[in-house]
Amino acid sequence: MNAGIQNIVISLGAMQVARRIPFDDPEVLNYVRIGYVASQVIIMGAYFYVSYKVRQKNDQTVLKYVDAPNPMSSDSGGLVTTTVRDYDLSETSKLLRAAYFGVAMMAFFHLYMKYTQPLFIQALMGLKNLYDAKPVAIHILGKPAEGDLKRPFKTPSMFGAAAGPQTDAASVTEAEKKIGAKKED
């Protein structure tokens, strides 16, 4: 099942369960808060551990690809040359930023707006997203970097095939030629 559809199904199921939780009871609310904080500690700890494992492996294999074009721009994607280590660290950094943003949003919703149900839902969704994270699958779960886990990672689309960087030799050569033509001008 597509990850986007799984997220919707889990969110809807969690909302139904959250309706039955008596958030008016301060003891229950404290347990939900503890559960949310514990899930965020697990998530961030896992991402920091992935960063540690990537640095420890120090895979200097060169990775060349043409970045996916921005749909808001007429500019096609540019050539990216990096190492597996740097690519994995940048992907893990993106995951950490998303986790930080989620914590900031939950702090706003819960502390300022006094919403309680999202604590429960986001605790579950965060753990599901941790399990779906490709660097986690490679470096913690020990899955081989092939198929969907082949670098550079393709981003799944809700409406069809996965979109992402182009790694074929023709695309890379064409991007290198564009760079060479720009340098001559």
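A brief report on the enclosed structure follows. (Residues numbered from 1 in each chain as written. Predicted model: local features only at pLDDT ≥ 70, side-chain atom pairs only at ≥ 80, totals over all residues. Heavy atoms only, no water.)

1. Looking at the overall build of the chain
To keep it simple, the criterion reads: Numbering of helices and strands runs from the N terminus, with a helix taken as a DSSP run of H or I at least four residues long and a strand as a DSSP run of E at least two residues long. Categorising residues by exposure relies on relative accessible area from a 1.4 Å probe, with only protein chains included: less than 20% of the type maximum marks a residue as buried, more than 50% marks it as exposed, and the intermediate range marks it as partly exposed. Throughout, a residue-residue contact means that at least one pair of heavy atoms, one from each residue, lies within 4.5 Å. Per-residue accessibility takes into account occlusion by the displayed protein chains alone, with areas from the Shrake-Rupley method and a 1.4 Å probe.
Within the chain, the secondary structure is distributed over 6 helices and 4 strands. Taken from N to C terminus, the helices and strands of the chain fall in the order α-α-β-β-α-α-α-β-β-α. When burial is assessed residue by residue, the chain has 30% of its 185 residues classed as buried. In the chain, the share of contacts with a sequence separation of at least 24, taken over all contacts with a separation of at least 6, comes to 65%. Looking at the chain as shown, the accessible area adds up to about 11,900 Å², and 61% of this sits on carbon and sulfur atoms.

2. Section: the packing of aromatic side chains
Definition in use: Classification of ring pairs uses Phe, Tyr and Trp, with its six-membered ring standing for Trp, and accepts pairs whose centres are within 6.5 Å; under 30 degrees between planes counts as stacked, over 60 as edge-to-face, and the remaining range as tilted.
All chains considered together, the criterion is met by 6 aromatic pairs. Both rings, one in Phe108 and one in Tyr112, keep their centres 5.4 Å apart while their planes meet at 20 degrees; by these two values the pair is stacked. Here Phe108 and its partner Tyr112 are both found in helix α3 (residues 84-112), 4 residues apart, which amounts to about one turn of the helix. Connected via pairs of aromatic rings, a cluster forms that spans Phe108, Phe109, Tyr112 and Tyr115.

3. Let's talk about helix α2 (residues 26-57)
Going by this rule: Here the expected length of a helix is defined as 1.5 Å per residue gap, with one fewer gap than residues.
With 32 residues, α2 ought to run about 46 Å at 1.5 Å a step, and its terminal C-alpha atoms sit 46 Å apart, in line with that. Looking one or two residues past α2, Asn58 carries a phi angle of roughly 50 degrees, positive in sign.

4. Some remarks on the packing of α2 against α3
The relative placement of two packed helices is expressed as an angle between their axes plus a distance between the axes. Note the threshold: Only the contacting stretch of a helix is used when fitting its axis, a line to C-alpha atoms as for every element, and angles between N-to-C directions run 0 to 180 degrees. To sort the angles, those under 35 degrees are grouped as roughly parallel, those over 145 as roughly antiparallel, those from 65 to 115 as roughly perpendicular, and the leftovers as oblique. Handedness of a crossing follows from how the near helix is turned relative to the far one, being left-handed for an anticlockwise turn of less than a right angle and right-handed for a clockwise one. In the scheme used here, Gly and all other residues not listed as nonpolar or charged are polar, with Ala, Val, Leu, Ile, Met, Phe, Trp, Tyr, Cys and Pro taken as nonpolar and Asp, Glu, Lys and Arg as charged.
Where α2 meets α3, the axes come as close as 9 Å, and the angle between the chain directions of the two elements is 165 degrees. Taken together, the axes of α2 and α3 are roughly antiparallel relative to one another. Where α2 crosses over α3, the two elements pack in a sense that is left-handed. Of α3, the residues touching α2 (which contributes Leu29, Arg33, Tyr36, Gln40, Ile43, Met44, Tyr47, Phe48, Val50, Ser51, Val54 and Arg55) are Arg85, Asp88, Leu89, Thr92, Leu95, Leu96, Ala99, Tyr100, Gly102, Val103, Met106 and His110. Here the contact of α2 with α3 is built from residues that sort into 15 nonpolar, 5 polar and 4 charged.

5. Details of the pattern of salt bridges
Note that side chains of opposite charge can pair when their charged atoms are close. The test is simple: A carboxyl oxygen of Asp or Glu within 4 Å of a side-chain nitrogen of Lys or Arg is what we treat as a salt bridge.
Scanning all chains against the criterion turns up 4 salt bridges. One salt bridge connects Asp88 with Arg151, and the closest N-O pair in it is separated by 2.7 Å. Within this pair, whereas Asp88 is found in helix α3, its partner Arg151 is found in the loop between α5 (134-139) and β3 (155-157), the two being separated by 63 residues in sequence. Each member of the pair, Asp88 together with Arg151, is buried. Here Asp132 and Lys128 are joined by a salt bridge, their closest N and O atoms 2.1 Å apart. Highlighted residues: Asp132 and Lys128, both in helix α4 (residues 117-132), separated by 4 residues, approximately one helical turn.

6. A look at unusual backbone geometry
The omega torsion of the bond from Arg151 to Pro152 falls at -10 degrees, within 30 degrees of zero and hence cis. With respect to the helices and strands, Pro152 occurs in the loop between α5 and β3. The backbone of Asn58 shows a phi angle near 50 degrees, a positive value even though the residue is not glycine. Relative to the helices and strands, Asn58 is located in the loop between α2 and β1 (62-66).

7. Considerations on the environment of Ala99
Within the element layout of this structure, Ala99 appears in helix α3. A residue is classified by how much of its surface remains accessible, and Ala99, at 10% relative accessible area, is buried. Residues Ala99 and Ile43, spaced 56 residues apart in sequence, show a C-alpha to C-alpha distance of 7.8 Å. Here Ala99 is in contact with Gln40, Ile43, Met44 and Tyr47, once residues within four sequence places are set aside.

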